[in-house]
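# Results of the structural survey
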Amino acid sequence: MKKQKPERAPGYGRLFQEAERLEPTPQLWERIAERLELRPGRAAAGMVSWPSPFLRLAASVVLAVGLLGLGIFLKAKPKQVAASPAASASAMAESAEQLDLVDPDLLGWHADLGEVDMEAEEAEEVL
Amino acid sequence: MVNWFGPEKQSIEQLREGRLEGLQWIYRTYSQRVLNQCFRILLSREQAEDVLQDLFVKLPSIISEFRGESALGTWLYRVAHNMCLNRLQQSRNRNKLEWENIEILSPRGMGTSVELSDLLAKALAVLDPETRSLLWLKEGEGVPLKELMDIFGLPEGTLKSKLSRARDRVKAYLEKEANYEKAKA
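Residue indices begin from 1 for each chain and proceed along its sequence in written order. As a convention, the first chain written is A and the first ligand written is 1, with the rest following in written order. Totals for whole chains, interfaces and linings use all residues, but because this is a predicted model, local features are given only for residues with pLDDT of at least 70 and pairs of side-chain atoms are given and counted only at 80 or more. Note that the side-chain values use all heavy atoms of the structure and ignore hydrogens as well as water.

### Digging into the overall build of chain B
The number of helices and strands found in chain B is 9 helices and 0 strands. Helix numbering and strand numbering both begin at the N terminus, where a helix is a DSSP run of H or I of at least 4 residues and a strand a DSSP run of E of at least 2. In chain B, the order of α-helices and β-strands from amino to carboxyl end is α-α-α-α-α-α-α-α-α. Buried residues in chain B amount to 50% of all 185 residues. Contacts are residue-level and defined by heavy atoms, with any inter-residue pair within 4.5 Å sufficient. A separation of at least 24 residues holds for 64% of the contacts in chain B among residues at least 6 apart in sequence. Carbon and sulfur atoms form 48% of the exposed surface of chain B, whose accessible area is close to 9,200 Å². With a 1.4 Å probe rolled over the protein chains alone, any residue whose accessible area is under 20% of its type maximum counts as buried; one over 50% counts as exposed, and the rest are partly exposed. Method for areas: the Shrake-Rupley scheme with a 1.4 Å probe, in which residue coverage is limited to the protein chains shown.

Here is the structure:
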C-alpha cells in the first residue's frame, strides 16, 4: 500500500503558491546605471576593459604571423651574408669598367706631374 | 552549471568586459527573484530594493568570483542572502527592525489576496532570517535541494531537517491563526 504523505496545515501550499511577488520599481535600474556611470558601449567606472574575444584572437594571429615572419627572416639572413662577397666582386668589376672610361690624356698629365716632382727633388739635392 | 553557449554566458562575458548589455540581461532575468528573496529575509521592500541595488552595482567587480560551477541564479541567491544577513547584523536592534517592518510588509499587489500575503509575512516572521530565506527559496521559488546546498553551503541532511522544522513552525502558526479566526467567528 502506498504510504500517504502527512497532510499539511490548511492553506500551507496556497500560502507560498499565491504569495505576492514584488516587481523592482522602474527607477531601480536607472539608479544602478547612474551609480555605475554606465552608458551603452562604455565600460563601467573602475573596471578594467578587456578586448572582445574576437579582438584577442585577431591580435594573437597577428602576433603569430609576426613571429613566424621574424623566424623566416633570421633563418634567411646567413645566406644573405654568404652572398655578399659575390656582390662586392661585381661592384669592383663595375668600377674597373668605369676606369676604362677615364680619358688617357688626363692620366698622362698625372704622370707628368710625377716626373716634374722628381726633377725638382733632384735639383734640390744638387744644390 | 552555466550554459556556456546561451545568453547567460554571453551576458557574463559582456559584463566582464564592462558592457551595459550584459548587466541589463542579468538584471532583467534575475532581479525579481532576488528582490523577493531579499524581501522575505529583510521583511521590508525598501531595504530589499537597497540590497538589490547594491548587489547590481557591485556585480561588475565581483563577477570575477563567479567560476561557473553553479548556475548564475544560484550564485546570485547566495550573494543576496549574505548581503541581507550582513545588513541585518549591521542593524543595532535586529528584533526591533524586523517587527517594525511587519506592519508594512505587504505592498498590496494586484490580484493577490491581501490576507494571504499578510499571513505569509507573519508566518515567515516567526522564523530566523536564514530559515526564512531557505523556506522561501524552497517553497516560494521552487529551488531544488541540490542548488540550496550550494547557496547555503550545507549538506543535504542538515537542509532537510532545517526545512522540516521550518515547515512545522509555519504550520503551527497557521493552525493557531485558524483557531483564533474560528474563535473570533
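Now that the structure has been shown, we can carry on.
### So, a nonpolar patch on the surface
A grouping of A:L63, A:L67, A:L70, A:F73 and A:L74 is seen on the molecular surface, where their side chains present a nonpolar patch of about 530 Å² in accessible area. Position of A:L70 among the secondary structure elements: in helix α3 (residues 53-100). Patches draw on residues past 30% relative accessible area with no salt bridge. Two like charges within 9 Å are joined, as are two nonpolar side chains (Val, Leu, Ile, Met, Phe, Trp, Tyr) within 5 Å. Whenever Lys or Arg places a side-chain nitrogen within 4 Å of a carboxyl oxygen from Asp or Glu, that contact is recorded as a salt bridge.

### With respect to the packing of aromatic side chains
Aromatic pairing here means that ring centres of Phe, Tyr or Trp (its six-membered ring) are within 6.5 Å. Orientation follows from the plane angle: under 30 degrees is stacked, over 60 is edge-to-face, and everything else is tilted. Under the counting rule described, the total for this entry stands at 5 aromatic pairs over all chains. With centroids separated by 5.1 Å and ring planes inclined at 80°, the aromatic side chains of B:Y27 and B:F56 adopt a geometry described as edge-to-face. Within this pair, whereas B:Y27 is found in helix α2 (residues 20-42), its partner B:F56 is found in helix α3 (residues 45-62), the two being separated by 29 residues in sequence. In this structure B:Y27 comes out as buried when scored by relative accessible area, which is 8%. The class of B:F56 is buried, set by a relative accessible area of 0%. Each ring, one from B:F66 and one from B:W75, has its centre 5.3 Å from the other, and the planes form 50°; the classification is tilted. In this structure an aromatic cluster arises from ring pairing among A:Y12, A:F16 and B:W136. Think of it as a cone above the ring: NZ of Lys or CZ of Arg counts as a charge over the ring if it is within 6 Å of the ring centre and within 35 degrees of the ring normal. The lysine or arginine in question, B:R40, covers the ring of B:W136, its NZ or CZ lying 4.6 Å from the ring centre. One cation-aromatic arrangement involves B:K171 over A:Y12; the distance from NZ or CZ to the ring centre is 5.9 Å.

### A closer look at helix α7 (residues 129-140) of chain B
The buried fraction of α7(B) amounts to 10 of the 12 residues, a majority that puts the element mostly inside the structure. Within the sequence span of α7(B), burial applies to B:P129, B:T131, B:R132, B:S133, B:L134, B:L135, B:W136, B:L137, B:E139 and B:G140.

### Examining the pattern of salt bridges
Close approach of charged atoms allows side chains with opposite charge to pair. In the structure shown here, the tally under the stated rule is 10 salt bridges over all chains. Here B:D50 ties to B:R87 by a salt bridge, and the two come within 3.7 Å at their closest N and O atoms. Taken together, the residues span a long stretch of sequence, with B:D50 in helix α3 and B:R87 in helix α4 (residues 72-90) at a distance of 37 residues. Connected via shared salt-bridge partners are A:R35, B:D50, B:D54 and B:R87.

### Remarks on the confidence of the model for chain A
Residue and element names in this part refer to chain A. Scored from 0 to 100, pLDDT reflects the predictor's confidence in each residue. Mean pLDDT over chain A: 68, with 39% of residues reaching 70 or higher. In the model of chain A, helix α4 (residues 104-126) stands out as the element of lowest mean pLDDT, 60, in contrast to helix α2 (residues 26-36), which has the highest, 91. Below pLDDT 50 for its whole length, residues 41-49 participates in 18 contacts with residues either more than four positions away or in separate chains.

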